[in-house]
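Here are the chains, one letter per residue:
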Amino acid sequence: MKRSVRMKIKAFVVAGIACLTLVTMAGVSRGADWAPMTSGTTQNLKGIWGSSASDVFAVGLGGTILHFDGSTWSAMASGTTADLHAIWGAAANDVFAVGGNFPNGTILHYNGSAWSAMTSGTTGPLRGVWGSSASDVFAVGDGYTIVHYDGSTWVPMTSFGSASLYGIWGSSASDVFATGTAAILNQTQGIAGYRSFIEHYDGSAWTTMAETTTTPVAPRGVIWGSSSSDIYAFGLGLHYDGAAWTKVDGLPAGTSAWGISSNDIYVCGGGGVIVHFNGTAWSPLVSGTTAILDGIWGSSAADFFVVGNGGTILRRLCTAATPAPLVFLNRTGAAVNSVVAAAEIHVSGICSSTPISVAAGEYSVDGGAYTSQPGTVSNGSNVKLRLVSSASPATAASATLTIGDTSGTFTVTTQGPRGETRRVNDFDGDGCSEIGCYDPASSSWFQYRSQEGYWTTPFGFAGTIPITGDFDGDGRADVGAFYPPLGNWYIFKSTEGFWQTQFGYEGTLPVVGDFDGDGRDDFGVYYPPAGAWYLFKSTEGFFETRFGFAGTVPVVGDFDGDGRDDFGCYYAPLGKWHLFKSTEGYSETAFGYPGTIPFVGDFDGDARDDIGCYDQADPQFGWIFIFKSTEGFRQAGWTPAAEPVVGDFDCDGKDDIGLYTGRVGAWDLVKSAEGLKRLFFGFPDTIPLGYVIR
């Protein structure tokens, strides 16, 4: 049995609030943290590159060059004291290091045995170097300097202005990108901000592709791409898709970037920050240092090096095939023969591509297509698991996902033949009703979910009536809204997303219930002046009948325990209940008196909904009256001037009655297993989940 709320909502938003930050906390890598290495220097290190995991070079201030042979780092003779900022190589015996101190630019070359100076022809420090081959190398630096090496000589391509070029990367000899920053000067205030830009070389000339303006900090132009149509300019917060640069909110700035593929990118920066991108979200990694980190390079997806201030060198080398535990929240009350998806999990604890497989279900990696075939998954990936529920009522079906040597099982149990597993307002599928409220002023839903904690989203607009129900049969309640003037329904299903239809008209009230017993809630409307019911059942389609009269309030519940919700109405002036049960037909009973508010719930756990009423006007006690199908009459009184709410708040299979006092956000719940409990969740003028339509 489900209930709706009649109220006004201000602004309609189909999706939830998107909170953007520098780094999305999608998980911290386990078993893959960065370990410090002995560098033998205290100089600040600025760049790193290698031809393999046993042939790595690092450069830094004061002409520092270090080499790693797969075992230890050792100093190399550079022949210079100039600061070195970047390094790149075409091969183990063809490596270039660039830097310099004003007024000279420095370029060094390593031939496999020794470093030697090259004539740069520049008058300022060089900041970045990249090449497509040994005879096609570019270096950029201060003074808008770009120089090119053709295998014989370095030749200036452009050199003018006060801008500094920091980063350079390309997909080919005719597709090269450089990033830089220039100060914006104000005659009275000095530096008023910074202009950052991206230059592009097409094989014949350099042109400006994009510009941004920032204050008060000058961003460093860090650029890296996986292909000609997947390039990031991190300091500028831009991404290139092969056609245009677009702004990416939440993109980390950083000082250096390197990646293996479009879904395996690392960025490092100040304060020891290292973040990883898995194609969906940025995740922080544990660096173990607060030093400024200026260079990053990897030999493979499982082997990365980072260098920084004070001679810092970190390595992330991992061969673990044991991810963090794979935990899935099981579902209950699902429809038979329905596709049910588990909540997405984040893979952590592995450092290399690891086998993934599934038994009796399908999985999806990072938003890709679902498959039942074995595959591989990387650290930081997001994985979804789904299965088809049993064809029989009250029956469990399971799917087991295995990553490396770790497995996790997702179990879905179908609704029982008498509906005993369904719980009103169970949004996380654990068999417990949630507490929550709706705020008309902000058009927002607020919930405290027993498994997932605090949750909020805007959904609705002015004049809509909010509703809840399990419309996709996955054992989790969904939120929705009904707009009477147009008869429009807006629902956000937990497995299918946004859905909209037209069903109803002005003056009708929304009703929700599983009227055909398939485990999916159906929608409909009740028109009190004519006592008209219009229902749309998920398996049977349109249904219409007359049952009720003017002044009645619609009620929905499974009053005969056959697993199908029944409909009825309550007439408060006489305290009369008129019910039409799917197996027993019409019944009428007197239970209540003028001014009482009706409510429905399975308070004795026998899978048959019981009737009850609340005297909201009682100034002292706020009396509650319940007639249980197995236990008879019960009454209690404790909170006046409140709103009655119903749900299984202690997960014992019996609905509990509660009272919500909106002016103080207080929930007084009489739990069948725990007794009276008071909770605070809400604020003035909010409407509680489980509120009775009237």
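Residues numbered from 1 in each chain as written. Predicted model: local features only at pLDDT ≥ 70, side-chain atom pairs only at ≥ 80, totals over all residues. Heavy atoms only, no water.

## Points about the pattern of salt bridges
- On inspection of all chains with the given rule, the structure shows 11 salt bridges.
- The closest approach of N and O atoms between Arg127 and Asp142, which form a salt bridge, is 3.0 Å. Here Asp142 lies in the loop between β11 (136-141) and β12 (145-149) and Arg127 lies in strand β10 (residues 126-133), a separation of 15 residues in the sequence.
- Owing to a relative accessible area of 23%, Arg127 belongs among the partly exposed residues under this scheme.
- The partner of Glu544 in a salt bridge is Arg546, and the shortest N-O contact between them spans 3.2 Å.
- On the accessibility criterion, Glu544 (41% relative accessible area) is partly exposed. (Salt bridge = Lys/Arg side-chain N within 4 Å of Asp/Glu carboxyl O. Helix = DSSP H or I, 4+ residues; strand = E, 2+ residues; numbered from the N terminus. Buried < 20%, exposed > 50% of the residue type's maximum accessible area, 1.4 Å probe, protein only.)

## Some thoughts on the layout of surface pockets
- There is about 660 Å³ of room inside the second largest pocket.
- Lining the second largest pocket are 29 residues, with Ala86, Gly128, Val129, Ile168 and Ser256 positioned closest to its centre.
- Broken down by secondary-structure element, the contributors of at least two residues to the lining of the second largest pocket are β2 (45-52), β6 (84-91), β10, β14 (164-172), β18 (223-227), β22 (256-261) and β26 (293-300).
- A per-element tally of the lining of the second largest pocket places β6 first, with five residues.
- Counted by class, the lining of the second largest pocket contains 16 nonpolar, nine polar and four charged residues. (1 Å grid on protein atoms, 1.4 Å probe; cavity = no way out; pocket = protein on both sides within 12 Å on 5 of 7 lines; lining within 4 Å. Points joined across faces, edges and corners; volume = space filled by probe spheres on them. Nonpolar A, V, L, I, M, F, W, Y, C, P; charged D, E, K, R; others polar.)

## Here's the deal with the side chain of Asp83
- Inspection of the secondary structure assignment puts Asp83 in the loop between β5 (73-75) and β6.
- Buried and unpaired, Asp83 has no salt bridge, with Arg127 as the nearest side chain of opposite charge at 7.1 Å.
- A distance of 2.9 Å separates a polar atom in the side chain of Asp83 from the backbone nitrogen of Gly62.
- Aside from chain neighbours lying at most four places away, what touches Asp83 is Gly60, Leu61, Gly62, Gly63, Gly99, Gly100 and Asn101. (Lys, Arg positive; Asp, Glu negative; His and termini not counted. Polar contact = N/O pair within 3.5 Å; in protein donor to acceptor, adjacent residues only side chain to side chain. Contact = heavy atoms within 4.5 Å.)

## Overview of the pairing of strand β9 (residues 115-118)
- Direction of pairing for strand β8 (residues 104-110) relative to β9: antiparallel, over a ladder of four bridges. Looking at β9, one finds that His109 is bridged to Ser116. (Pairing = 2+ DSSP bridges.)

## With respect to the sheet that holds strand β19 (residues 230-233)
- Overall, antiparallel pairing links the four strands, which are arranged β18-β19-β20-β21 in an open sheet. With one partner strand each, in any of the chains shown, β18 and β21 (245-247) form the two edges of the open sheet. Strand-to-strand twist across the sheet, computed as the mean angle between neighbouring axes with direction ignored, equals 20°.
- Two strands pair when backbone bridges link them, and β18 and β19 are joined in this way by four bridges, in the antiparallel orientation. (Axes fitted to C-alpha atoms, helices over the stretch in contact; angles between N-to-C directions.)

## Quick look at the sheet that holds strand β7 (residues 94-101)
- Across the sheet, which stays open at both edges, the four strands sit in the order β6-β7-β8-β9 with antiparallel pairing between neighbours. Of all strands in the sheet, those with a lone pairing partner are β6 and β9, marking the two edges. Averaged over all pairs of adjacent strands, the angle between strand axes in this sheet comes to 25°, irrespective of strand direction.
- Where β7 lies against β8, seven bridges are found, and the strand directions are antiparallel. Note on β8: the bridge partner recorded for Asn101 is Asn104.

That is the geometry; function is a separate question.
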